[in-house]
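Understanding the architecture of this molecule
If you want the building blocks of each chain, they are given just below.
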Amino acid sequence: MVQFPTAQEKAEPPLGLYVHVPFCATTCDFCAFYQTVPQGDAVARYLESVAAEARLVDWDGRRVATAFWGGGTPGLLRPRELALLGETMLVHCGGTPAEWSVELAPATVTADRLRVLKELGVTRLSLGVQSFQPGLLDALGRQHTAAQAYRAYELIRAQDFASVNLDLMFALPNQSDEEWRTDVTEAVRLAPDHLSTYCLTFEEDTALWVKLSQGKVKLDANKEADFYLRTWELLAAAGYAQYEVSNFARAGHTCRHNLNTWNMHEWVGLGPSAASQFGGWRSSNPANLELWLAETAAGRRAMSDRAELTNDLLAADSVIFGLRMNDGVSVPRLQRRFPTPRWKQAQNFFPQLLLEGLAVATPEGQLSLTPRGRLLADAVGAEILEAFAEPANAAAP
Amino acid sequence: MKPALLTRNFCIIAHVDHGKTTLSDRLLEYTSTISKRVMTDQHLDSMDLEKERGITIKMHPVTMNYPAQDGKIYTLNLMDTPGHVDFSYEVSRSLAACEGALLLIDAAQGVEAQTVANAHLAFAQGLKVIPVINKIDLPSANLELCMRQLEDILTIPAEEAILASGKSGIGILDILEAVVTRVPPPRWTDYPTTRMLVFDSKYDSYRGVISHVRVFSGTFKAGEMMMLMSSEQKSEIKEVGMFHPGMVKCRELGPGDVGYIVSNIKSVEEIKVGDTVTHANKPAADMLPGYKEVRPMVYCGLYPLESDDYEKLKVALGKLRLNDSSLIYQNESSVALGFGFRCGFLGLLHMEVVQERIRREYDVEIISTYPSVVYKVTKHGGDISEVDNPVNLPDPASILEISEPTIKASIHIPNEFLGDILTLVMEKRGSCEQTTTLDGSRVMLSCTLPLNEILVDFNDRLKSISRGYGSMDYELGDYRPSDLVKMEILVNGDPVDAFASIVHRSKAEGQGRALCEKLAEIIPSQMFKIAVQAAIGGKIIARANVREMRKDVTAKCYGGDISRKRKLLDKQKEGKKKMKQIGRVSIPPDAFIQVLKTNS
Ligand SMILES: Nc1nc2c(ncn2[C@@H]2O[C@H](COP(=O)(O)OP(=O)(O)O)[C@@H](O)[C@H]2O)c(=O)[nH]1
Ligand code: SF4
Ligand SMILES: [Mg+2]
């Protein structure tokens, strides 16, 4: 049976732009992002280099649909520097992106900065609150107080951005169920449009990882699972619909930039450590300010970790990352987008997920994980990767 | 050459810890065979392991010169015997090299299981048994009880007993005199042709095989051609000598002498314990009595913990076998454990000692599968085969009958534990034929038990029930038909070979359940529901569920995380390759090892 692409598929796929601002005042205990304390003229050189890197990209006349500034702490830039970065970016966007998110740390939020962002056309702010409780903020090594978080939220709301997100973290060392419930309730009381709730992750090379390997803190997958389920329950009751493992939004407020990423669309990443998926390749910039500056100066970008965007790779990743979303994936549509014989094996695996109650499927082939399945998204992903690893006929000798 | 009339060959037999080693040392000291200065405590037990376990595995004869009260100088050859039933054949060969035995009884403990077993072995070899009540220096010594037990249990006249203390040197002279006057001079010296008994062989990397021998008739010298009577293999004698106590070369070995020979023979397998050596040009007509081929009674798989250690394990087994022809092994591989060896042992202790030596002396970490005995399987057509590995059990439909080896055990315990021990014997499918009162406070049970039931924890249970006061000795009994089945352990429906076992039908469910539960607990949590089942011929008799994984999800997964995440998943995939794949379940190799460890 021949299937024709739908109207939506025929339309030009959305392009994203990610800018990594690699500066932070200090390093949080759990942080594995690339960031450094800005010294000397580092910021100025960074800004110039972003402009230079943007010029290296072959935009091919494509419009940027969504933009995202992450870090690091973009808010560490002064208002004038934010404006400069915004203008640099807009040169290549073909108009202001329909969605433009900026991550801010509460301690950096000022009316001046917000005004600049608003004027640039930023639509969505994401505030890294993490917790409202001093003890837990301390445990995370965060540099802000609860009072600063409230104040930052007030200032943001006063500027009338289209969408505001709060980041929260759970399963912190010694955090009780009750403490987490209080944080969620407090966040809900502020009525943001979007909430991201992250289970504390022990990333290698972080202060927290060191504590874990010294046995000072312990991992408890069962407790984490309980926290997850509790969160989903609380937020659903408060009117925030879950649309991905860690993301919840009121109607109309999902983050399209991220959705596009999970749907294996393309994006350009600028700045040190930024990843791109563009022009047939997935690749990254060096996670080091000086190296990135040098690369850009030499007229090179996105040279590390290069992987060709083959249908085999995209087919697997579109399922692996797509299943993290509550809507899941349309298997027939992905098969048309990324045709490869390897779908056969994956399709042998899907029924197992259904049988075990880890996934559900509609007659049209929309496959999505159940809550139990979503908690096992990585384990599911590993199996899918394996299923896609070998060509269909190479498995049997 | 000294006349055989002035030679006495004897050994000391005793229950473990009754003082055999201490007394031997005193005898060596008294006869100045070893000066006090060079005596380490307990000279005869040379391997550390033996010292630790208080058992002697390989014996080492010693020749002493003793000026007796009759004015003549006697040559006394003291044979040390291993103290464990696993080596009962070797014990019997050492005894066969003697004319007399000192039977030690700890004055505070009285007669125990091994005392009885050893005494019977000595009687069976026609030895003159000299009872020695030892450790009389102990305040808790109960001479009267020991005397009565001697008469009642061993039917030895009490007035023959010598009172002694190896520790304080009491009675040493009496013992030496008794050896001279009561032990008969060497027997069978006038047999018309030459014969000597091989009662042990050691491998020496420079000289080849050194065999410990007792000459019965004729003389043997270097340069002569000898012949092994069991195989008719001929070889040139390179050297003969005696133990003083170190090996000292001599011109010849004559009737009654105990010593060693070195020949061209290159491996201990070729010169078997119990064989008779004769002159090749004028061979004897009959072998000395009692020779038999020893066959392994217990088998298990031995696998290196690190698969890289396979070669090291192979070398270790090879070297151990140089000195121990009763250890046999062959290649084996298992899905769960990789490459290893199926090994046969004389018994449980032999198995433990070999494993321990591999770990200590060869520094190879090993894991062993469940021990198995040798079953006799009769098929409908009448074919009889021996099966020592459950994997090799024929299709149940083709089997008419399976027989298993039994043991005849004699268990000595204080009266108050009688009930509990009887329960234990029943639990182990045994029966008790006779209960003999040893004295007011102890009883001796004569029981028959399947060998397979005592492989794992019988001795430990016996000790713990009797608070350490019980003792057991056994000899092999006959094969008896039994309702035996092969039990398989399945993970998610796929059999795990390392856990297959042959069990009695009545025990299958309980053992199966325990094994399933342990395995289910040790297998890491799984994404899918996975059952561990025990099955007999396809029928599930027990099951347990592996814990289900509850959470395995990355919290943050944005653009920059995708490559990283993919790499992690890739790594996970690689990691899976290192795991043992049982069907679609990946199990870390050490999960099996942990189960085997906790069960042994
Ligand atoms: N009081 C006392 N203790 C002894 C005597 N002989 C041996 N022992 C102790 O009994 C234990 C076992 O002795 P050992 O000679 O190794 O016994 P074996 O197992 O028969 O070789 C050791 O702790 C010895 O010190 C003795 O005559 N008197
Ligand atoms: S502010 Fe954000 S980027 Fe900076 S160290 Fe903390 S978590 Fe990392
Ligand atoms: Mg000893």
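Residues numbered from 1 in each chain as written. Chains lettered and ligands numbered in written order. Predicted model: local features only at pLDDT ≥ 70, side-chain atom pairs only at ≥ 80, totals over all residues.

Here the focus is the overall build of chain A. Each helix and strand counted, chain A has 16 helices and 15 strands in total. When contacts within chain A are restricted to residue pairs at least 6 apart in sequence, long-range pairs at least 24 apart make up 72% of them. (Helix = DSSP H or I, 4+ residues; strand = E, 2+ residues; numbered from the N terminus. Contact = placed C-beta atoms within 7 Å.)

Before going further, it helps to examine the sheet that holds strand β3 (residues 73-79) of chain B. Residue and element names in this part refer to chain B. If you trace the 6 strands from one edge of the open sheet to the other, you get β2-β3-β1-β4-β5-β6, paired in mixed fashion. Edge positions in the sheet fall to β2 (62-67) and β6 (162-163), since each of these pairs with one other strand and no more. Here β2 pairs with β3 via 6 bridges, running antiparallel. Among the inter-strand pairings, N65 is bridged to a residue of β3, identified as T75. Sheet contacts for helix α1 (residues 20-30): β1 (7-14), β2, β3, β4 (100-106) and β5 (128-134); angle to β1, the most-contacted strand, approximately 155°. (Pairing = 2+ DSSP bridges. Axes fitted to C-alpha atoms, helices over the stretch in contact; angles between N-to-C directions.)

Here we come to the site of ligand 2. Near ligand 2 the following residues occur: A:C24, A:T27, A:C28, A:C31, A:F33, A:Q35, A:G71, A:G72, A:T73 and A:A105. Looking at the shell around ligand 2 residue by residue, the class counts come to 5 nonpolar, 5 polar and no charged. (Near = placed C-beta within 6 Å. Nonpolar A, V, L, I, M, F, W, Y, C, P; charged D, E, K, R; others polar.)

A word on the interface of chain B and chain A. Tallying the contact residues gives 22 residues for chain B and 36 residues for chain A. Grouping the amino acids of the side of chain B that touches chain A by side-chain chemistry returns 9 nonpolar, 5 polar and 8 charged.

This brings us to the pairing of strand β25 (residues 442-450) of chain B. Residues and elements named next belong to chain B. In this structure, strand β23 (residues 399-414) lies alongside β25, joined through 9 bridges in antiparallel fashion. Bridge assignment links S410 to a residue of β25, and that residue is S446. Note: strand β24 (residues 431-437) against β25, 6 bridges, orientation antiparallel. By the bridge assignment for β25, T435 is matched with L445. Joining the antiparallel neighbours β24 and β25 is a turn of 4 residues.

For the rest of this paragraph, the subject is the confidence of the model for chain A. Should the pLDDT be low somewhere, the predicted coordinates at that spot are not to be read in detail. For chain A, the mean per-residue pLDDT works out to 91, and 95% of the residues sit at or above 70. Overall, residues 392-397 of chain A carries pLDDT values under 50, and its contacts beyond four positions in sequence, including any with other chains, amount to 6 contacts. (pLDDT = per-residue confidence, 0-100.)

To continue, consider helix α11 (residues 289-297) of chain A. Structural remark: α-helix, 3.6 residues per turn; residues separated by three or four positions point the same way. All names here are of chain A. Among the residues of α11, those classed as buried are L289, W292, E295 and T296. Burial along α11 is one-sided: seen end-on, the buried residues are contained in an arc of 130°. Buried residues in α11 make contact with α2 (42-56). (Buried ≥ 20, exposed ≤ 12 C-beta atoms within 10 Å, placed from the backbone. Arc of directions from axis to C-beta.)

Okay, the pairing of strand β1 (residues 15-21) of chain A next. Here is the key point about a regular strand: its side chains alternate between the two faces of the sheet. All names here are of chain A. In terms of burial, β1 is largely enclosed, as 7 of its 7 residues are buried. With burial as the criterion, each face of β1 is covered, one bearing L15, L17, V19 and V21 and the other bearing G16, Y18 and H20. In the sheet, β1 pairs with strand β2 (residues 64-71) via 7 bridges, with the strands oriented parallel. Note that in β2 the partner of H20 across the bridge is G70. With 5 bridges connecting them, β1 and strand β9 (residues 266-270) associate as parallel partners. Each residue of the ladder has a partner; that of L15, found in β9, is E266.

All names here are of chain A. Sheet architecture is open: 3 strands sit in the order β13-β15-β14, paired in antiparallel fashion. For this open sheet the edge positions go to β13 (329-330) and β14 (359-361), each flanked by a neighbour on one side alone. Bridge count between β14 and strand β15 (residues 366-369): 3 bridges; the pairing is antiparallel. Looking at β15, one finds that V360 is bridged to S368.

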